[in-house]
Structure formats: structure tokens, C-alpha cells
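The residues making up each chain are set out below.
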Amino acid sequence: MQSVILKGYKDGYEIILKQDFGLDKILVELRELFDNLSAEKKNADDTVISFDIKTENRLFTAEEKQKIEKIISEYHNFKVHKIESEVMTIEDANILKENDNVHLSYRTIRSGQIVDLKGDVLFLGKLHQGGQLRATGNIFVMGEVQGVIHAGFENDTDSIIVGNVSAASQVRIGELVDIIDDEKVTNSQDTVIYVNDLHIIDYGNRDELKSLRPKLFNQAGGY
Amino acid sequence: MGKAIVVTSGKGGVGKTTSSANIGTALALLEKKVVLMDLDIGLRNLDVVLGLDNRILFDIVDVAEGRARLHQALIKDKRFNEYLYLLPAAQNTDKSALVPEQVKAIVDELKEEFDYVIIDCPAGIEQGFMNAIAGADMAIIVTTPEISAVRDADRVVGLLEQNPLLQQPKLIINRIRRQMMEDGQSMDVDEITRHLSIDLLGIIVDDDAVISTSNHGEPIVLDSKNPAGLGYRNIARRLLGETVPLMTIKQPQKGFWKKVGSWFKKD
């Protein structure tokens, strides 16, 4: 049985490295494969062909990947497009889960405290004056907010803040800051704060949300 | 084994020292063995409030550095038999003279002998504060109905959440001006308690006698008829686990004749 399989598709070539074989055997067979390929290709033109490499249910370390890439780089007509695996480490999975989730927070953030959260946050707690809530994604406020609320920390200006922030001292989105005063924000649960086309923090109503950030709805699966 | 309680506030001048002295005295009146520990090093003043300033020989830094034994530094308050003692702060050094481990060692030693160790914390949240909470089992946070004091109390509660003590912190609202609170000119008790979201231990109304008695070295709690003194007595009873209803802030309505009489008063 072969440990290295070459497949051709409509939009390119794919090399599958079977997971049942050791790396040493794979490297030997890979070299054989490319020797054959480059012999065949000698007569053809000089175009460079790139491959996607699939490693099935196996993760190669950076070193191992380098070994594979090194072999292919010896043949100047071929190059590696990307190395893909069907699996990921638990650590990566946790980060993905952390970033792609709405976190429920009901804690009290007191003066001087800074709370950093990954992903989107549904905030049900209390944010006291002088406290700071920072999230890498959107923030949906249902609790009392008197401090500084920071969505899209550090530089994601696509993030939004939804909810009643009329008592907050500042809102921040990405690297932008806006000071809240009474005229600007109505005391309403329907306020949406976003960064507009002029790269300025702007205030809207929840009704406009769909046109402001259509992606937000797709993400949740609705239309 | 006793219990160590730190009295703290963040902001200065809200009545930490007065509260420490009065709670300590009230507990001593209820026949608990109490030691008051002044950790406001460099700005010693708990001794004057108790009227014990002329009897200091050694202080807490002497004990920590081994120049004196703990018992030599303790000052007995003769008014309360064997119940109230003071461990004074040092006057001619600063807060960095102690490290948390030293304070903890002293507090642990005192806890073996006393029922309550009341620690008077310096203002601020620096080294002195860290020293003060190091050995404590519980914190009492003193605030006044002012936004600045409440804000600082909030910060201190936050810091205590990061360095949790054995028990949740409790709140004392000091210097309540009845008239102002009734008129809604100052924050009210419920508002402050809800904002800080910690348990309320007691309220103390503002009273001129608190200052005048302190100046004589007599804690206000010795005056059983004074409303501020009563507030501290109630706090002491609550610390012992009794259920004591909260004092009403509302001032009694003046009778008709008193009203008439007040027209003829000079002020």
C-alpha cells in the first residue's frame, strides 16, 4: 500500500499522506513521487504546479512539516500551497471555541478592575464607575453599566455594542473612544453603537442593526 | 482562637480610626477580649483617640524587628479591666518598615490570646493596606454617603475580591446626616449598599459628640444615650452574631411646644 497518494482535481492537485505510515517511509515515497513527476515534466513548459498536502487525521509538528516542504522545494517546478489536517489540537479547539462564542458574564466589575473576555459577551452584571469591560468581539449589555465598555479590543472596528449604555462613562470600539454624555445617548435598551463608514463611533437603533452589520445575523444562522 | 478584623476604607478621613476604637471598645464592653492594632505607621493616632498616648513604650515595629516582646508592647486600657488592649504603631518610620508576613505572624500570635484583633488600616491601597489585610479574617469597609468615599470603597472591595479573606467584607456607612439623607441630597443607605453589593453591618449617624469625645480620649460608645455610640454598640452585637434591627434615620417630629420654643431660640 502506498503511503503517498497524488490526486488531481478540477482546480489543482492534492497529495495525501496516509496516516498509517511513519514519516520516514512517507519522505522516501514523496521523493520517489517527485523524481517521477519532474522526469515527466521535463518536456513540458516551465509553469509551476502547486500542491495541497493533506495529512488526514494526523498533525505534523513544524519540524516535520519543514522536512516535507524541503523535499518539494528541491524541485523547482513544484511548490507546496498548504499543508492541511483533518484534526486540530485541543488547545486550538479551545481557543476557537472561546473566540466564537457568546460569553455570559454576570459579575460585578468594580472601580479599578479591568475584565478581559474573548469573543462576544452578554453582560448581565454591574460595571461600576472606574471599572472596565473589554471583549475581543461584540458586547450586548443587559446589566448596569457605569464604567468604560470596550468592544473589539484591540483593533476590531467591526464589533458593536448593543444595550443601554446611557450611564456609562465611555464606549470604545477597536482603537476609537467616545465619551458618553446625556444628549448623545438615550436611556434605551435599543441603542446600537458601531463604527460608521467615516471611521467614527456612531449611535443607532436596534432596528438598523440588520443593515449595519448583516454579517452578525448570518453568523447566528438567521436572515 | 480569635478573629482578626481589618477596618479599611481606601479613602482617608471617613472614620476608620474612630470606628476601630469604638467597635473595639464596644466589644470590650460586651466582655470580649479585644486588642486594637494600629497599622497606620508613621501617622499613629489610634492611641490618642483611646487616651493612651502617654503610655507607649514599644510599638509594632519594635515587636516585628525583635527589639521588644509582644507583651511588652501591648498597652492595657485600665477602664475595661482586662478586656481592651492596644498595640500602637511606630511613629518615626514609614509603612515599608513592615512586610505582610511580619504582620501576619503578630496577628496570629494575638489571635491565640484575644477574642478579637481589630486592625486599623491606613488610608490608601499601597503597602500599608497590603500589610493590614495580610493577617485578617474579615474586613469592615467604612464609607460615608459621599460619591468619593463610595468610589474608593468600591475599589477596596475589588482588591479584596482579588485577595479574598476568610469571610466576605462588611460595610459600615459613617457620618450619615439625617436631614440631608431625608431630603435626598446625599446618597441613601440602600443605594450605597446596593451599589457596593456587600452586606451592611451598620450605620452611624453624624454627631458632634463623636469629635468632642475623641478629643478627650474617650470613645463615643461609652455614652449609651448617644445615637452614634448606639450605632457602634449595635455593630458590635451584630459581630457577635445577634440580630439587631437597623437604626431608623428619620428624626422624630418635633412636638408643638418644642416648635414654638425653637422660634425663640437664637439660632
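- Looking at an unreviewed UniProt entry, one finds chain B named Septum site-determining protein MinD and attributed to Dellaglioa algida DSM 15638.
- Per its UniProt entry, chain B bears the Sequence similarities (unreviewed entry) comment "Belongs to the ParA family. MinD subfamily."
- Comment text from UniProt for chain B, heading Function (unreviewed entry), reads "ATPase required for the correct placement of the division site. Cell division inhibitors MinC and MinD act in concert to form an inhibitor capable of blocking formation of the polar Z ring septums. Rapidly oscillates between the poles of the cell to destabilize FtsZ filaments that have formed before they mature into polar Z rings."

- By the naming in an unreviewed UniProt entry, chain A goes by Probable septum site-determining protein MinC and is assigned to Dellaglioa algida DSM 15638.
- For the record of chain A, the UniProt heading Sequence similarities (unreviewed entry) holds the text "Belongs to the MinC family."
- Regarding chain A, the relevant UniProt record gives this comment under Subunit (unreviewed entry): "Interacts with MinD and FtsZ."

### Things to note about the pattern of salt bridges
Residues and elements named next belong to chain B.
- If you walk through the whole model with that rule in mind, you get 23 salt bridges over all chains.
- Note that aspartate 77 and arginine 79 form a salt bridge whose closest N and O atoms lie 2.8 Å from each other.
- The partner of lysine 111 in a salt bridge is aspartate 137, and the shortest N-O contact between them spans 3.2 Å. Pair noted here: lysine 111 is in helix H5 (residues 100-113) and aspartate 137 is in the loop between helix H6 (127-134) and strand E6 (138-143), with a separation of 26 residues, a long-range link. Judged on exposure class, the residue lysine 111 and its partner aspartate 137 are both buried.

### Some thoughts on the side chain of lysine 16 of chain B
Residues and elements named next belong to chain B.
- Mapped onto the elements of the fold, lysine 16 is located in helix H1 (residues 16-29).
- We note that lysine 16 is buried and unpaired, the nearest opposite charge coming from aspartate 120 at a distance of 6.3 Å.
- For lysine 16, the side chain forms a polar contact with the main-chain oxygen of lysine 11, separated by 3.1 Å.
- If we skip the residues at most four places from it in the chain, lysine 16 touches Val7, Thr8, Ser9, Lys11, Asp120, Cys121, Pro122 and Ala123.

### What to know about the packing of aromatic side chains
- According to the stated counting rule, one finds six aromatic pairs over all chains in the structure shown.
- Between tyrosine 13 of chain A and phenylalanine 51 of chain A, the ring centres sit 5.9 Å apart and the planes meet at 50°, which makes this aromatic pair tilted. Linking tyrosine 13 of chain A in strand E2 (residues 12-17) with phenylalanine 51 of chain A in strand E3 (residues 49-54), this pair joins segments that are 38 residues apart in sequence.
- Pairing tyrosine 85 of chain B with phenylalanine 114 of chain B gives two aromatic rings, centres 5.3 Å apart and planes at 70°, and the pair type is edge-to-face. With a gap of 29 residues between them, tyrosine 85 of chain B in strand E4 (residues 84-87) and phenylalanine 114 of chain B in the loop between H5 and strand E5 (116-120) connect regions that are remote in the sequence. Each member of the pair tyrosine 85 of chain B and phenylalanine 114 of chain B is classed as buried.
- Through successive ring pairs, a cluster of aromatic residues spans Tyr13, Phe34, Phe51, Tyr75 and Phe78 of chain A.
- Here the guanidinium or amino end of arginine 134 of chain A rests over the ring plane of phenylalanine 153 of chain A, the centre of that ring lying 4.1 Å away.
- Against the face of phenylalanine 114 of chain B rests lysine 33 of chain B, its NZ or CZ located 4.9 Å from the ring centre.

Quick notes on the rules
- For every chain, the first residue of its written sequence is number 1, and the numbers climb from 1 along that sequence.
- The order in which chains are written sets their letters, starting at A; the order in which ligands are written sets their numbers, starting at 1.
- Totals for whole chains, interfaces and linings use every residue, but because this is a predicted model, local features are given only for residues with pLDDT of at least 70 and side-chain atom pairs only at 80 or more, for both listing and counting.
- Note: side-chain values were computed over all heavy atoms of the structure, leaving out hydrogens and water.
- UniProt positions are given in the numbering used here, feature names are shortened, and annotations may be inferred rather than shown by experiment.
- A pairing counts as a salt bridge when a side-chain nitrogen of Lys or Arg comes within 4 Å of a carboxyl oxygen of Asp or Glu.
- Numbering goes from the N terminus for both helices and strands, where a helix is a DSSP run of H or I of at least four residues and a strand is a run of E of at least two.
- Summary of the burial criterion: residues with accessible area below 20% of their type's maximum are buried, those above 50% are exposed, and those between are partly exposed, where the area comes from a 1.4 Å probe applied to protein chains only.
- Residues counted as positive are Lys and Arg, residues counted as negative are Asp and Glu, and His and the chain ends are not counted.
- Between N or O atoms, a polar contact is any pair within 3.5 Å; within protein, one atom must be a potential hydrogen donor and the other a potential acceptor, and residues adjacent in sequence are included only when both atoms are from side chains.
- Whether two residues are in contact is decided by their heavy atoms: any pair within 4.5 Å suffices.
- Centres within 6.5 Å make a pair out of two Phe, Tyr or Trp rings, where for Trp the six-membered ring is used; the pair is then stacked when the planes are under 30 degrees apart, edge-to-face when over 60, and tilted otherwise.
- To sit over a ring, a charge needs its Lys NZ or Arg CZ within 6 Å of the ring centre and within 35 degrees of the ring normal.

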